[in-house]
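Next come the chains, spelled out residue by residue.
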Amino acid sequence: MMNTMTTQTTVAIAVPLEAELVERIRAVDPSVTVLYEPDVLPPERFPADHSGDPGFRRTPEQEERYWDMLNKAQVLYGFPNESPAGLARIAGSNARLEWIHAMAAGAGGAVKASGLDAGTLQKFKVTTSAGVHALPLAEFAALGILNGFKRSAELAQDQAARNWPELRTPTRLVNGSHLVVTGLGEIGLETARIARALGMTVSGTKRTIEPLDGIQDVTDNAGLAGLLATADAVVNTLPGTPSTEKLFSRDVFAAMKPGTVFVNVGRGIVVDEDALLEALGNGQVSYACLDVFAVEPLPQDSPLWNHPKVMVSPHTSALSAAENRLIAERFCSNLRTFLDGGELPHVVDTVHFY
């Protein structure tokens, strides 16, 4: 839906945000009214804590003010209460709603979880913060690759045991090795850029097969197994969708050459975790660096917690101290596009939910 109005456009801040960043949003255009009531928003526990303190409770009066504020807006910054239930509620109560900007890069899952039907989802757009997290995720992916090649897990075990091995074990060179990236979007391409700076060659997958600068071979996910025979490391950046669920199956792990380093910064459901554990056990995967899991928080009884060849990161690799600023800057750019009647970037696909 394009906004051709020249009258006031009302933006409501639905999630915790620093006052100076709210002022940046206000400054986008004189026609913008920003509704921001910090006392009805939960305090952040850490930078970019979009959900805020779970112990925060609004008084009945604050709750009424919160929803009254959101129902006055054509545009929302963040999902109400940063939850699928909040999205479902606002969709039913705010008939003037035109656009919601989500804090997450992979907001499709939350949109799907809201249970809204296709007709309702056509009434407004949901944009994501895709791209904002590309650099921190790509840096984390590079960390995972380097950890695997430089035996950091074994070094940590030897250090903890105060063990100085009599026989020296060589590490592997990253330079000259080959990386496969599943999902050559913004995160994947940023990962590829850093990998090339380390001397790696890169291939990968994309829904639309097309040549990409600096990428040797591009295929779709159906051709993934064919790429893996030459891969020394694999980085997954794919979102969790019905078409990507358990893409990394037993057959796909079996297609890897022994000793492959595996990194996941996409979504946990893309990986069959039982198949990954088998691949770690039989040596197809020498090391796995995982920021995301099929069930989060990772269950206490998961064997991944204590696996000697696995790094567990609690879905925090995208987080940086600059995240709120970067998301607000992205939103301001999008708001300018919205006011000018342009096409918003990174709109959630309500068929595939990514």
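Residues numbered from 1 in each chain as written. Predicted model: local features only at pLDDT ≥ 70, side-chain atom pairs only at ≥ 80, totals over all residues. Heavy atoms only, no water.

> It is not clear to me how the overall build of the protein should be interpreted in this structure. Could you clarify?
Each helix and strand counted, the protein has twelve helices and twelve strands in total. A globule of 354 residues ought to have a C-alpha radius of gyration of about 20 Å, and the protein, at 22 Å, matches this closely. For the protein, the C-alpha atoms occupy an extent of roughly 70 × 45 × 35 Å along the three principal directions. When each of the 354 residues of the protein is scored for burial, the buried share is 49%. Partitioning the intrachain contacts of the protein with sequence separation of at least 6 by distance along the chain shows that 66% fall at a separation of at least 24. When the accessible surface of the protein is totalled, it reaches about 16500 Å², and 55% of it is carbon and sulfur. Seen as two clouds, the 29 positive and the 41 negative side-chain charges of the protein have centres 2 Å apart. (Helix = DSSP H or I, 4+ residues; strand = E, 2+ residues; numbered from the N terminus. Rg over C-alpha atoms; globule rule 2.2 N^0.38 Å. Buried < 20%, exposed > 50% of the residue type's maximum accessible area, 1.4 Å probe, protein only. Contact = heavy atoms within 4.5 Å. Areas by Shrake-Rupley, 256 points an atom, 1.4 Å probe, with all protein chains shown as cover. Lys, Arg positive; Asp, Glu negative; His and termini not counted. Charge placed at Lys NZ, Arg CZ, Asp CG, Glu CD.)

> Help me understand the packing of aromatic side chains in this model?
Here a ring pair, both rings aromatic, is described through the centre-centre distance and the interplanar angle of the planes. Evaluated as defined, the whole model comprises seven aromatic pairs. Between Trp99 and Phe338, the aromatic rings sit 5.2 Å apart at their centres with planes inclined by 35°, giving tilted as the arrangement. Of this pair, Trp99 sits in strand β4 (residues 99-101) while Phe338 sits in helix α12 (residues 323-339), and the two are 239 residues apart along the sequence. Just as Trp99 is buried, Phe338 falls in that class too. Plain terms: the ring middles of Phe248 and Phe253 are 5.9 Å apart, the flat faces sit at 45° to each other, and that makes the pair tilted. Of the two residues examined, Phe248 and Phe253, each falls in the buried class. Members of the aromatic cluster, joined through ring pairs, are Tyr77, Trp99, Phe331 and Phe338. The positively charged end of Arg58 is found above the aromatic ring belonging to Tyr66, 3.6 Å away from the centroid. (Phe/Tyr/Trp six-rings, centres within 6.5 Å; stacked < 30°, edge-to-face > 60°. Lys NZ or Arg CZ within 6 Å of the ring centre and 35° of its normal.)

> Honestly, helix α2 (residues 60-71) in this entry has me stumped. Any pointers?
Every α-helix winds through 3.6 residues per turn, so residues three or four apart in the chain are directed the same way. In a regular helix each residue adds 1.5 Å, so twelve residues correspond to 16 Å; α2 covers 17 Å between its end C-alpha atoms and thus fits that length. What α2 keeps buried is the set Gln62, Tyr66, Trp67, Met69 and Leu70. Viewed along the axis of α2, the buried residues span an arc of 155°, placing them on a single side of the element. Residues Pro60 and Glu64 are exposed on α2 and point more than 90 degrees away from its buried face. Of the surrounding elements, those touching the buried residues of α2 are β1 (9-13), β2 (32-35), β3 (75-77) and α3 (84-93). (Expected span 1.5 Å × (residues − 1). Arc of directions from axis to C-beta.)

> How do you make sense of the sheet that holds β3 when you look at a structure like this?
Strand order in the open sheet formed by five strands is β2-β1-β3-β4-β5, with parallel pairing between adjacent strands. Looking at the sheet topology across the chains shown, the edges are occupied by β2 and β5 (125-127). When strand polarity is set aside, the average angle formed by the axes of neighbouring strands in this sheet is 20°. Sheet topology places β4 next to β5; three bridges connect them, and they run parallel. Paired with Trp99 across the strands is Lys125, a residue of β5. (Pairing = 2+ DSSP bridges. Axes fitted to C-alpha atoms, helices over the stretch in contact; angles between N-to-C directions.)

> Help me understand the packing of helix α6 (residues 134-149) against helix α8 (residues 186-197) in this model?
Helices that pack against each other are described as a pair by the angle of their axes relative to one another and the distance between those axes. Their axes nearest at 8 Å, the elements α6 and α8 cross at an angle of 50°. Overall, the two elements α6 and α8 adopt an arrangement that is oblique. Note that α6 runs across α8; the crossing there is right-handed. Across the interface between the two elements, Ala134, Leu135, Leu137, Ala138, Glu139, Ala141 and Ala142 from α6 touch Glu186, Ile187, Glu190, Thr191, Arg193 and Ile194 from α8. For the contact of α6 with α8, the residue count by class is eight nonpolar, one polar and four charged. (Parallel < 35°, antiparallel > 145°, perpendicular 65-115°, else oblique. Left-handed = near helix turned anticlockwise from the far one by under 90°. Nonpolar A, V, L, I, M, F, W, Y, C, P; charged D, E, K, R; others polar.)

> Is there a simple way to think about the nonpolar core in this case?
It is characteristic of soluble globular proteins that their nonpolar side chains tend to be buried jointly. Counting residues in each nonpolar core, the largest one holds 48 residues, and the members touching the most others are Ile13, Ile25, Leu70, Tyr77, Phe124 and Leu335. Residue assignment for this core shows that the elements contributing at least two residues are β1, α1 (19-26), β2, α2, β3, α3, β4 and α12. If near-sequence neighbours (up to four positions away) are discounted, Phe124 is found in contact with Leu87, Ala91, Leu97, Glu98, Trp99, Ile100 and Leu116. In this structure, Ala141, Ala233, Val261 and Ala318 belong to the second largest nonpolar core, which totals 27 residues. (Core = buried A, V, L, I, M, F, W, Y, C linked by side-chain atoms within 4.5 Å.)

> Honestly, the sheet that holds strand β8 (residues 218-219) in this entry has me stumped. Any pointers?
Neighbouring strands of a sheet are bound in pairs by backbone hydrogen bonds; such pairs are parallel or else antiparallel. With parallel pairing, the seven strands of this open sheet are ordered in space as β8-β7-β6-β9-β10-β11-β12. Both edges of this open sheet fall to β8 and β12 (310-312), since each of them pairs with a single strand only. Strand direction decides the pairing type here: strand β9 (residues 233-236) and strand β10 (residues 260-264), joined by four bridges, are parallel. Paired with Asn236 across the strands is Asn264, a residue of β10. α6 contacts β6 (178-182), β9, β10, β11 (285-290) and β12 of the sheet and is inclined by roughly 155° relative to β10.

> Hey, could you run me through the pattern of salt bridges in this one?
Should the charged atoms of two oppositely charged side chains come close, the side chains can pair. Evaluated as defined, the whole model comprises 17 salt bridges. Among the ionic pairs, Arg65 bridges to Asp39, the shortest N-O distance being 2.5 Å. Taken together, the positions of Arg65 in helix α2 and Asp39 in the loop between β2 and α2 put the pair 26 residues apart, joining distant regions of the chain. In this structure, Arg151 engages Glu154 in a salt bridge whose closest nitrogen and oxygen atoms are separated by 3.0 Å. What you see here is one network of salt bridges that share partners, running through Glu37, Asp39, Glu61 and Arg65. (Salt bridge = Lys/Arg side-chain N within 4 Å of Asp/Glu carboxyl O.)

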